[in-house]
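# An overview of the molecular structure
Here's the letter readout for the chains.
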Amino acid sequence: MQDLTLLVMAAGMGSRYGGLKQLDPVSPNGETIIDYSVFDAIRAGFNKVIFIIREEFENEFKNQITNKYKNKIEVEFVFQDLSNLPKGYNCPNGRLKPWGTGHAILSAKKLINEPFVVINGDDFYGFESFEVISKFYLSGKKEYSMVAFKLENTLSKFGAVSRGLCQVSEGFLNSVVETKELQRNKNLISSNRDINLNGSELVSMNMWGFTPKLFDYLEKKFPLFLDIYGDKLNSEFLIPSIVNDLIVSKTNRLLVLNSESNWFGVTYKEDKPNVVKEINKLIKKGKYPTILFK
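Residues numbered from 1 in each chain as written. Predicted model: local features only at pLDDT ≥ 70, side-chain atom pairs only at ≥ 80, totals over all residues. Heavy atoms only, no water.

### Examining the layout of surface pockets
A volume near 440 Å³ is recorded for the second largest pocket. If you list the elements that add at least two residues to the lining of the second largest pocket, you get β7 (161–169), β8 (172–185), β12 (264–265) and α7 (272–284). (1 Å grid on protein atoms, 1.4 Å probe; cavity = no way out; pocket = protein on both sides within 12 Å on 5 of 7 lines; lining within 4 Å. Points joined across faces, edges and corners; volume = space filled by probe spheres on them. Helix = DSSP H or I, 4+ residues; strand = E, 2+ residues; numbered from the N terminus.)

Quick look at the structure:
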């Protein structure tokens, strides 16, 4: 059987949220959003999960999250370290912000030799999203991919958000543009760009599918990024930019996989009650058991 790994980006502290939101319970039994992602991944056929975390949270993370997965799925950890840079490069004084999602993925290189799917630790993607991307790779496909969601289903009622707006042609991604300050104002969706949006646009929520070949590309591109932006304290080596480079250079195509699952996440503290409400709805409908890991 084809191995398939879930790579969970959970190194952020959630500055807008005000705490380590990945550990915040959202279900009647105290499960977290990460628990639901791992539960969905297991039943979709994933056999390993790797968590990208900060080293200082390892014990807390194990105690509250991963100990319950014992004998359910193989679990490994990797730490996103600011000083984990290519030879000849140093972290500038005063930098506290992680180097971005591209650097986070690169941190896991030594642990992955099979197709893998990248997700955010604080987003609920729904079982169908895991199912559609797992079927793609478990059938032996080698192309890169992305699960797309409708913009209107990814907005917060409590503040602006950033999303990767996608241009798609014949089922393949043409570009993804990081668009900030997205917020619904009556019947309009505003942003930091001068574009008209109605909510039906496809967006990336950082659910990507790759093969280990990506690591060679990241290792080549990261030093180039550091040459230009390495001295800036808030610069980030982001996956959307990397994906655009892959497409423009014709190094790889990315197939867009659509999901009808209801995405929801916790960007702001005020989002949590809605997440709890939606989780309870899914439990009552029988989509999830009351206790995920018995």
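Now, onward.
### Looking at the pattern of salt bridges
Taken as a whole, this structure holds 9 salt bridges when the rule is applied. Here K68 and D35 are joined by a salt bridge, their closest N and O atoms 3.3 Å apart. On the criterion of sequence distance, the pair formed by K68 in the loop between α2 (58–64) and β3 (74–79) and D35 in helix α1 (residues 33–44) is long-range, its members being 33 residues apart. Looking at D35, the relative accessible area reads 0%, which means it is buried. Where K109 meets E219, a salt bridge forms, and the shortest distance between an N and an O atom there is 2.9 Å. With K109 in the loop between α3 (101–106) and β4 (116–120) and E219 in helix α5 (residues 213–229), this residue pair connects regions lying 110 residues apart in the sequence. E219 gets classed as partly exposed once you look at its relative accessible area, which sits at 38%. (Salt bridge = Lys/Arg side-chain N within 4 Å of Asp/Glu carboxyl O. Buried < 20%, exposed > 50% of the residue type's maximum accessible area, 1.4 Å probe, protein only.)

### Digging into the packing of aromatic side chains
Taken as a whole, this structure holds 24 aromatic pairs when the rule is applied. Consider the rings of Y36 and F124, whose centres lie 6.1 Å apart with planes at 55 degrees: the pair is tilted. Residue Y36 is located in helix α1, and its partner F124 is located in strand β5 (residues 123–124); the two are separated by 88 residues in the primary sequence. This pair shows no difference in class: Y36 is buried, exactly as F124 is. Chaining the aromatic ring pairs together yields one cluster made of Y36, F39, F51, F61, Y69, F77, F124, F264, Y288 and F293. (Phe/Tyr/Trp six-rings, centres within 6.5 Å; stacked < 30°, edge-to-face > 60°.)

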